Amino acid sequence: MDFAIRTDNLGRVYKLRGAKKTEARQLVALQDVSIEIRPGELFGLLGPNGAGKTTLIKILTTLLSPTTGRAWVAGYDVSQEPEKIRPRINMVSGGESSGYGLLTVRENLWMFSQFYGLPSKEANRRIKELLEVVGMSDRLNTKSSDLSTGLRQKMNIVRGFLTDPDVLFLDEPTVGLDVGAARDVRRFIRRWVDEDPSRTLLLTTHYMVEADELCDRAAIINQGKVLACDTPANLKHTLQRDAIFRLEVSPMNGLGMDVFETMPGVKQVVHHAKDGGSLLEFILEEEPVLGSVVTALTSENIRILNLQKREPTLEDVFVDLVGRSMEEVERGSAKQDQ
Amino acid sequence: MAVQSRISKSAGWRLFLKTVIARAYPRVVAQQREKSWMFFDILLPLLAVSAYVFVYRAIGAPQEFIGFVVIGGAMTAFWMNILWSMSSQLYWEKEMGNLALYIIAPNSMMAILLGMALGGMLATALRALAITILGSWFFQVSYQVASFPLLFSVFLLAMIALYGMGMMAASLFLLLGREAWHLSHLAQEPVYLVSGFYFPIRSFNFWVAAAASIIPLTLGLDAMRQLVFPSGAALGFLTVNVEIAILVLLGGIFLLAARYLLAHMEKLAIQEGRLTESRR
């Protein structure tokens, strides 16, 4: 098997129902997605909510058929041979509330293990072992309805690993987890992949730091299209020649972002409101352009409270590719939905 | 954690069986953990039974009618289970996020439904038994069973046909989406009436009774009454043997329809992407 996952010009269009039958609309969720993931890789799909990450996972887990193109998981075609793929995969989604509240953690996990044909004794042994790894061994006999959101998510994560899949899909696995729990989960994910070179993990996230820390390679996806795909280091390297500055300034006094956007040498600028003032993040073609930026600010009596030059992050790569920050893209989609 | 050796997993009929047992487990074990079931599933049906008993006593109906009501009251538990824990269950599974996990697992969805049915049947049998014992004790009902093997066969066939119907309805209700909830409400009281839960179905004219016989409990109940009360045969709708034959037929039709609809539902889910998606 050359690739654990391969997609070839994969596309998916949803038919959406309008308020009236005649108002049927279409939503292009995925467009010409071609990726190749090797066995043993921890691959990240990065993008804002609504970018198409979950749709891609659904296709790869045989839950959804593609409208165009093809996809293979563990060497089998997702549309033609789903029954061969299913014993080899598992999936965990962030914030899911699967299982039954009246069952204990152990019982819920045992139940799901049986759907994959695990011997009961082996399942119970692994449940204990995995719960210990995620720090939940004292919750073995707690009813799952009594678990906090974070603990419930940890239980779901154990459910995914329990069946020893060849390919595991984690859709936003750390959503809703506190910092400590998210860190534990990330550490566990990395270790699971490193333990056995035949294991492959595809992770979707909109936390850039998570992708940077965890993934061997990552694809940046927006509006259903893969915009870039490489190792986090190489993705950031594309911005190595740029100068990235973060400026904390007093209120903008009506100064619009268009002043900077049209300024020669400014590649991208992102504005965030912060504590009554503003936070401006610039990607500049070269350092001297900062002089023009500072001049533009001071001529409007805007005070610079803090100025930092920093190394590029995956968030900067996203901004560079999309033209907006992930937060702005998500805000834009939320407005469209309304 | 040390490097794991890959686990050997069951497939084929072993996987099917494991899935049935695992999905039945929450119903058989977990449902008993909420003690409120004793109030809602035993006491409330007993109140409905009592109301009919007092009406029958007030109008001087034959003593067998009291027994008819107790048996009918016990069997309503199964109908409630079919409506609320079988027919609408896949819809709830979708909302909870379980349906997608069931579909991507290597098991058969038919095994999941069968597990739901088996678990529901066993849990409800406990409730039905409690209603029968308590009702018979309160209202001094005496039984004279003509044939225990025949009685057991009728009960079993009625359950197979009834839960086959529930399995079929589960896929159907899922395709209907949120309207399924209303359908369950709609099907509750009218079925109590036409299935003769509290009176012999023979009281209706032939065609109404025949139409009501599509609900397997109608004939199952009628045949059981004929087998446990001396005057039951005289008040029966059809002979026990004919009712058994119809129940066998209904069981076969409903199970086949369940299988077909389930496959159709899964196909639609994958094509349209809506049936496993509670947000869209």
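In this text, all values refer to a predicted model and were calculated from it rather than measured experimentally.

Caption draft 1: How the structure looks around the nonpolar core. Core analysis: the largest hydrophobic core is formed by 164 residues, its most contacted members being Val73(A), Phe161(A), Phe169(A), Leu201(A), Trp79(B) and Leu90(B). In terms of residue count, helix 3 (residues 64–87) of chain B provides more of this core than any other element does, 13 residues in total. Those residues in contact with Phe161(A) that sit more than four places away from it in its chain are Arg126(A), Leu130(A), Leu168(A), Leu170(A), Phe188(A), Ile189(A), Trp192(A) and Leu201(A). Counting residues in each nonpolar core, the second largest holds 20 residues, with Phe245(A), Phe260(A), Met263(A) and Leu280(A) among its members.

Caption draft 2: Highlighting the sheet that holds strand 8 (residues 167–171) of chain A. All names here are of chain A. Here we have 6 strands laid out as an open sheet, ordered 7-8-9-4-10-11, and mixed in their pairing. A strand with exactly one partner marks an edge of an open sheet, and here the two such strands are strand 7 (89–93) and strand 11 (225–230). In this sheet, adjacent strand axes meet at a mean angle of 15 degrees when their direction is disregarded. With 5 bridges joining them, strand 4 (residues 42–46) and strand 9 (residues 200–205) adopt parallel strand pairing. Each residue of the ladder has a partner; that of Leu-42, found in strand 9, is Leu-201. Of the strands in this sheet, strand 7, strand 8 and strand 9 are in contact with helix 5 (residues 149–162), which crosses strand 7 at around 170 degrees. Against the sheet, helix 11 (residues 314–322) contacts strand 4, strand 10 (217–222) and strand 11, and its axis sits at roughly 40 degrees relative to strand 10.

Caption draft 3: Layout of unusual backbone geometry. Residues and elements named next belong to chain A. The backbone phi angle of Ala-74 is positive, close to 55 degrees, even though this residue is not glycine. By the element assignment, Ala-74 lies in the loop between strand 5 (68–73) and strand 6 (76–77). Phi angles above zero are rare outside glycine, and Asp-164 is one such case at about 55 degrees. Looking at the secondary structure, you find Asp-164 in the loop between helix 5 and strand 8.

Caption draft 4: How the structure looks around the pattern of salt bridges. Residues and elements named next belong to chain A. Under the criterion given, the structure shown has 26 salt bridges over all chains. For Asp-77, the salt bridge goes to Arg-70, with nearest N and O atoms at 2.8 Å. For Arg-70, a relative accessible area of 44% corresponds to the partly exposed category. Salt-bridge contacts for Glu-122 lead to Arg-125; the nearest nitrogen and oxygen are separated by 2.8 Å. Here Glu-122 pairs with Arg-125, and both are found in helix 4 (residues 120–133), just 3 residues apart, close to one helical turn.

Caption draft 5: Focus on the pairing of strand 4 of chain A. Residues and elements named next belong to chain A. Within strand 4, 5 of the 5 residues are buried, which leaves it mostly tucked inside the rest of the structure. A two-sided burial pattern is seen for strand 4, the buried positions comprising Leu-42, Gly-44 and Leu-46 on one face and Phe-43 and Leu-45 on the other. Inspection of the sheet shows strand 4 paired to strand 10 by 4 bridges, in the parallel sense. Bridge pairing in strand 10 places Leu-46 opposite Ile-220.

Caption draft 6: Spatial organisation of the packing of helix 3 (residues 105–114) of chain A against helix 5 of chain A. Residue and element names in this part refer to chain A. For the pair helix 3 and helix 5, interaxial distance at closest approach is 10 Å and the crossing angle is 30 degrees. Comparing the axis directions of helix 3 and helix 5 gives the class roughly parallel. When the axes of helix 3 and helix 5 are compared, the crossing they make is right-handed. Side by side, helix 3 and helix 5 meet where Val-105, Asn-108, Leu-109, Phe-112 and Ser-113 of the first sit next to Met-155, Val-158, Arg-159 and Leu-162 of the second.

Caption draft 7: Quick peek at the environment of Leu63(A). All names here are of chain A. Note on placement: Leu-63 falls in the loop between helix 1 (53–60) and strand 5. The exposure class of Leu-63 is buried, given its relative accessible area of 2%. When the C-alpha atoms of Leu-63 and Val-78 are compared, they prove to be 9.1 Å apart, with 15 residues separating the residues in sequence.

Caption draft 8: Region of the structure containing the interface of chain B and chain A. In this complex, chain B contributes 46 residues to the contact, which on the side of chain A involves 54 residues. Summed over both partners, the interface of chain B with chain A buries about 4,200 Å², with 55% contributed by carbon and sulfur atoms. Remark: the boundary between chain B and chain A carries 2 salt bridges. Its salt-bridge partner being Arg33(B), residue Glu107(A) comes within 2.7 Å of it at the nearest N-O pair.

About the cut-offs
Residues numbered from 1 in each chain as written. Chains lettered and ligands numbered in written order. Predicted model: local features only at pLDDT ≥ 70, side-chain atom pairs only at ≥ 80, totals over all residues. Heavy atoms only, no water. Core = buried A, V, L, I, M, F, W, Y, C linked by side-chain atoms within 4.5 Å. Buried < 20%, exposed > 50% of the residue type's maximum accessible area, 1.4 Å probe, protein only. Helix = DSSP H or I, 4+ residues; strand = E, 2+ residues; numbered from the N terminus. Contact = heavy atoms within 4.5 Å. Pairing = 2+ DSSP bridges. Axes fitted to C-alpha atoms, helices over the stretch in contact; angles between N-to-C directions. Salt bridge = Lys/Arg side-chain N within 4 Å of Asp/Glu carboxyl O. Parallel < 35°, antiparallel > 145°, perpendicular 65-115°, else oblique. Left-handed = near helix turned anticlockwise from the far one by under 90°. Buried area = accessible area lost by both parts, 1.4 Å probe.

Everything listed is a geometric property; what it means functionally is a separate question.
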